[in-house]
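Chains, contacts and geometry: an overview
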Amino acid sequence: MEPIVWEWVNFLVRWLHVITAIAWIGSSFYFIHLDLSLRRRDGLPPGVAGEAWQVHGGGFYNMMKYTVAPAELPEKLTWFKWESYATWLSGFALLSVLYYHGAALYMIDPAVLDIPWWGAVLLSLGALGLGWHVYDRLCKSPLGKDDVKLAAAGFVFLVLVAWGLSHLFSGRAAMLHVGALIGTMMSANVFRIIIPNQTKAVAAMKAGQVPDPALGKQAKQRSLHNNYLTLPVVFLMISNHYPLAFGTRYSWVIVAVVLVVGAVIRHFFNSRHAGKPTPWWTWAVAAAGVAVIVGLSAAGTRTESAAAPARVELAQVEEVVLSRCSMCHAVQPVWEGIGVAPRGVMLDSAEAIGRHAPQIRVWAALSDAMPPGNVTGITPEERRLLAAWTDQLPR
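About the thresholds
Residues numbered from 1 in each chain as written. Predicted model: local features only at pLDDT ≥ 70, side-chain atom pairs only at ≥ 80, totals over all residues. Heavy atoms only, no water. Helix = DSSP H or I, 4+ residues; strand = E, 2+ residues; numbered from the N terminus. Buried < 20%, exposed > 50% of the residue type's maximum accessible area, 1.4 Å probe, protein only. Contact = heavy atoms within 4.5 Å. Areas by Shrake-Rupley, 256 points an atom, 1.4 Å probe, with all protein chains shown as cover. 1 Å grid on protein atoms, 1.4 Å probe; cavity = no way out; pocket = protein on both sides within 12 Å on 5 of 7 lines; lining within 4 Å. Points joined across faces, edges and corners; volume = space filled by probe spheres on them. Nonpolar A, V, L, I, M, F, W, Y, C, P; charged D, E, K, R; others polar. Phe/Tyr/Trp six-rings, centres within 6.5 Å; stacked < 30°, edge-to-face > 60°. Lys NZ or Arg CZ within 6 Å of the ring centre and 35° of its normal. Salt bridge = Lys/Arg side-chain N within 4 Å of Asp/Glu carboxyl O. Axes fitted to C-alpha atoms, helices over the stretch in contact; angles between N-to-C directions. Parallel < 35°, antiparallel > 145°, perpendicular 65-115°, else oblique. Left-handed = near helix turned anticlockwise from the far one by under 90°.

**Some remarks on the overall build of the chain**
When its secondary structure is counted, the chain shows 14 helices and 2 strands. Over its C-alpha atoms, taken along the principal directions, the chain stretches across nearly 80 × 45 × 45 Å. Among the 395 residues that make up the chain, the fraction classed as buried is 44%. In the chain, of all internal contacts separated by at least 6 residues, the share reaching a separation of at least 24 is 68%. Roughly 21000 Å² of accessible area belongs to the chain as shown, and the carbon and sulfur atoms make up 67% of that amount.

**Some remarks on the layout of surface pockets**
Approximately 1600 Å³ is the volume attributed to the second largest pocket. Lining the second largest pocket are 48 residues, and of these Glu7, Leu105, Tyr106, Ile338 and Pro342 sit closest to its centre. Taken together, the elements giving at least two residues each to the lining of the second largest pocket come down to helix 1 (2–37), helix 2 (82–100), helix 3 (103–106) and helix 13 (357–365). With 8 residues, helix 1 is the single largest residue contributor to the lining of the second largest pocket. Its residues assigned to classes, the lining of the second largest pocket shows 30 nonpolar, 11 polar and 7 charged.

**Observations regarding empty space enclosed by the protein**
Counted under the stated rule, the structure contains 3 cavities of 30 Å³ or more. In this model, the largest cavity occupies a volume close to 80 Å³. What lines the largest cavity is a set of 14 residues, among which Ser170, Gly171, Asp368, Ala369 and Gly373 lie closest to the centre. The set of elements that each furnish at least two residues to the lining of the largest cavity consists of helix 3 and helix 6 (171–206). Of the residues belonging to the lining of the largest cavity, the class tally is 6 nonpolar, 4 polar and 4 charged. Within this model, the second largest cavity holds a volume of roughly 40 Å³. The wall of the second largest cavity is formed by Ala162, Ser166, Gly171, Ala174, Met175, Val178, Ser251, Trp252 and Val255. When residues of the lining of the second largest cavity are traced back to their parent elements, those giving at least two are helix 6 and helix 9 (251–273).

**What about the packing of aromatic side chains?**
This model, assessed by the stated rule, comprises 13 aromatic pairs. Here Phe92 and Tyr100 contribute two aromatic rings whose centre-to-centre distance is 6.0 Å and whose plane-to-plane angle is 80 degrees, an arrangement assigned as edge-to-face. Take Tyr100: its relative accessible area is 11%, and that puts it in the buried class. Judged by centre distance (5.8 Å) and plane angle (55 degrees), the ring pair of Tyr99 and Tyr106 falls under tilted. Owing to a relative accessible area of 23%, Tyr106 belongs among the partly exposed residues under this scheme. Joined through ring pairs, the aromatic side chains of Phe268, Phe269, Trp280 and Trp283 make up one cluster. One Lys or Arg, Lys81, reaches over the ring of Trp79 and ends 5.7 Å from the middle of that ring.

**Some thoughts on the pattern of salt bridges**
Following the criterion strictly, the structure yields 9 salt bridges and no others. Within the structure, one salt-bridge network assembled from shared partners comprises Asp136, Arg137, Lys140 and Arg222.

**Structural notes on the packing of helix 4 (residues 117–140) against helix 5 (residues 147–165)**
Put simply, helix 4 and helix 5 touch, their axes get as near as 10 Å, and they point 160 degrees apart. Classified by the interaxial angle, the pair formed by helix 4 and helix 5 is roughly antiparallel. Considering only the axes of helix 4 and helix 5, their crossing is right-handed. For the pair helix 4 and helix 5, the contacting residues are Ala127, Gly131, Val134, Tyr135, Leu138 and Cys139 in the first and Leu150, Ala153, Phe157 and Leu165 in the second. Of the residues belonging to the contact of helix 4 with helix 5, the class tally is 9 nonpolar, 1 polar and no charged.

**What about the packing of helix 11 (residues 314–324) against helix 14 (residues 380–392)?**
Put simply, helix 11 and helix 14 touch, their axes get as near as 10 Å, and they point 135 degrees apart. Considering their axes alone, helix 11 and helix 14 lie oblique with respect to each other. With respect to the hand of their crossing, helix 11 and helix 14 are arranged in left-handed fashion. On helix 14, the residues touching Leu314, Gln316, Val317, Val320, Val321 and Arg324 of helix 11 are Glu382, Leu385, Leu386 and Trp389. For the contact of helix 11 with helix 14, the residue count by class is 7 nonpolar, 1 polar and 2 charged.

**So, unusual backbone geometry**
Cis rather than trans, the peptide bond between Met370 and Pro371 has omega equal to -5 degrees. With phi around 60 degrees, Arg343 is a residue other than glycine that occupies positive phi space. Here Arg343 shows up in the loop between helix 11 and helix 12 (350–355). The phi angle at Asn374 is positive, at roughly 45 degrees, despite the residue not being glycine. Relative to the elements of secondary structure, Asn374 occurs in the loop between helix 13 and helix 14.

Listed below in structure tokens is the structure:
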């Protein structure tokens, strides 16, 4: 029963994580849109920066934003924080259930760094904690006074992190951990900066004082970071389902391109919300970035090998697949902890291998996604053999 229980724990925690992420992203996008769409007019109450009229669900809403705070606090305030906290907590739970519990399969690649499972977990925790600290220091440094310079420094930092993690973990775990770090940065922005600053502003008002405008300015900067990082973090968190993203030679470069693509798409919508001229050029940049990603994904696995034979027979392929893959991809898997064949793919006969040639090409020939963590020791030459075989099949 243990593999079945863990599978359902994984499923339910993932479900919770998706639900909370939808709530957080939805509220974040909404308030960025609201903030950018505010307009000034005569007759607004003192201290109001602007207002926006909205219609939804058959009702009309008049939204106003105060520059610092209203002269008098209402009896009840709605705080938007639990969406962020729940997303991070459920995400960390999912990281623990899937990656820490299955570190040998999903985190460790002996060809990259041969370490025990606990070493991989410590590296993961260290990367998340240290990554947040470095990012926070960058924001509080003199660079934080210039949004453009800070964004450039943050971009370089995240690309270096992606490159570094690709030398510590399997491709799957490396890309996912970049996403986990960005998610940690975003949630910590809410927990350590945005909510504390808002709490200080409320406390100042209750004491009859005027809140420090710098508190709101700092919180808004971190909120803007969260907005521009949302699309890249979603890509990175679902990348573990797509081997051509994480299991190829230039996966860390793909991370860099995704950061740019996600940022320009958000810039398009933010500009539209603010009533500025529509930056149609952003879609050209995004399309070019996607083309670059596709090209990079075709560069092959992270290991080089000699050229495969010009002609490969199915019997040669069967020998490789049966020795490297069929212990999991069988009617009765023999790998400990695997209850059923992953994705229902059986690779325990020549007929089944031929039927699943496209999946073999993507997961084991063009990328090193399978076997996970290369636990069965498939060689670069064997991957080239699989690639050559799938190349010669009719399309």
